Amino acid sequence: MQRRSFINHAGLAGVLAAGAAPAIVHAQTTVRWRLASSFPKSLDTIFGAADVFTKKIAEMSGGKFQISVHAGGELMPAFGVVDGVQNGTVEMAHTAPYYFVGKDETFAIGCAIPFGLNSRQMTAWMYEGNGLKLMREFYAKYNIISFPGGNTGAQMGGWFRKPIKSIDDMKGLKMRIGGFAGKVIERLGAVPQNLPGGEIYQALEKGTIDAAEWVGPYDDQKLGFHKVAPHYHFPGWWEGGPQLDFFINQKAYDSLNAEYKAMIEAAASQAHVEMQARYDARNPLALKQLVAAKTQLVQFPKTVMDAAFKASMDIYSELNEKNPNWRKVYADYAKFRGDQNLWFRFTEATFDRYMQAAKL
């Protein structure tokens, strides 16, 4: 997406939202779509991004473009939405692309990979780098066009029945963990489990799994993980800035007129920004409440982080050799990550370190 195009479209969206829509838009045919989410309705922040998107579309179109939102499992399984969009069962979905690494590991790069970009860097790669272009070229193989649809920001490292004090504590650990990170913890001796958000609590409560990660304090508190696993680890090194996406069936998207396409672009951008704003605003209080409820905060030992980093880089090297889709996208991603880390070292990181040590 070029900056000028985005601004022009956002400008149109502002005019429409203000009620000054050109006559041509009022004359458009009514369109009704269905959106399949991968998330439960109870998670108003991550599921809520789809609501923000669809409500803005309805407002901008004067009610002519209606999209109904369906929670994970309602129309199809939470992890079945790519197939649903690809086959045209639904027109669109809202999901975390890394859920679909079983199809191709390249899906993960469009969301989050271990020791990858943080949320600001990810947005920069998408909008000003080659991220959106490269990922859309990849998603086209699945009859999908993508739009950034939110970011949680850096996540927590999950809930554990017993604290992780060394790499040995990872051996045999059954952990719910999404996306690409499962491949990494497997190399550390753990056993990854990929479960939808709505199924995690029961598995943790029954002892089917020993640990689980989801997002962060606001969501995790709602899901009640602290009641069955008291040790809350950080950071989520596998999700420094996971991006959600709106996936749209290419044929359905192509059938829209230019005005409706502009609305999708603008509404997705609003949902993208609003999701992280909600998480950043709501996580601090939730974390305080969790600690007051006897949650134990535990930082991953450096030895575990180092082992995970090495395993991640080894996997990326292997994928460069055997997966041409991965190699093409990751080469650009890795270069962008290197430049971003250099820049953030002198600005964001230094400022953050000082502020976090200051007495406020």
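Everything here concerns the structure above.
Residues numbered from 1 in each chain as written. Predicted model: local features only at pLDDT ≥ 70, side-chain atom pairs only at ≥ 80, totals over all residues. Heavy atoms only, no water.

1. Focus: the overall build of the protein
When helices and strands are tallied, the protein shows 15 helices and eleven strands. The C-alpha radius of gyration computed for the protein amounts to 20 Å, which stays within 12% of the reference 21 Å derived for 360 residues, consistent with globular compactness. Its C-alpha atoms put the protein at 65 × 45 × 40 Å along the principal axes. Every one of the 360 residues in the protein was classed for burial, and the buried ones make up 53%. Considering only residue pairs separated by 6 or more positions, the protein has 78% of its internal contacts joining residues 24 or more positions apart. Accessible surface for the protein amounts to roughly 15,800 Å². Of this, 53% is attributable to carbon and sulfur atoms. Across the protein, the centroid of the 40 positively charged side chains sits 2 Å from that of the 34 negatively charged ones. (Helix = DSSP H or I, 4+ residues; strand = E, 2+ residues; numbered from the N terminus. Rg over C-alpha atoms; globule rule 2.2 N^0.38 Å. Buried < 20%, exposed > 50% of the residue type's maximum accessible area, 1.4 Å probe, protein only. Contact = heavy atoms within 4.5 Å. Areas by Shrake-Rupley, 256 points an atom, 1.4 Å probe, with all protein chains shown as cover. Lys, Arg positive; Asp, Glu negative; His and termini not counted. Charge placed at Lys NZ, Arg CZ, Asp CG, Glu CD.)

2. Some words on the side chain of S61
Structurally, S61 is set in the loop between α3 (48-60) and β2 (65-70). Judged by relative accessible area, which is 1%, S61 ranks as buried. Here I57 takes part through its backbone oxygen, which lies 2.9 Å from a polar atom of the side chain of S61. Separated by 3.3 Å, the side chain of S61 and the backbone oxygen of A58 make a polar contact. Those residues in contact with S61 that sit more than four places away from it in its chain are Y260 and M263. (Polar contact = N/O pair within 3.5 Å; in protein donor to acceptor, adjacent residues only side chain to side chain.)

3. Examining the packing of aromatic side chains
Tallying each qualifying case throughout the model produces 29 aromatic pairs. When the centroid spacing of 6.3 Å and the interplanar angle of 75 degrees are considered together, the rings of Y99 and F100 count as edge-to-face. The buried category is assigned to F100, whose relative accessible area is 3%. Three or more aromatic residues joined by ring pairs make a cluster, and in this case those are F39, F79, Y98, Y99, F100, F107, F138, Y139, Y142, W214 and F247. (Phe/Tyr/Trp six-rings, centres within 6.5 Å; stacked < 30°, edge-to-face > 60°.)

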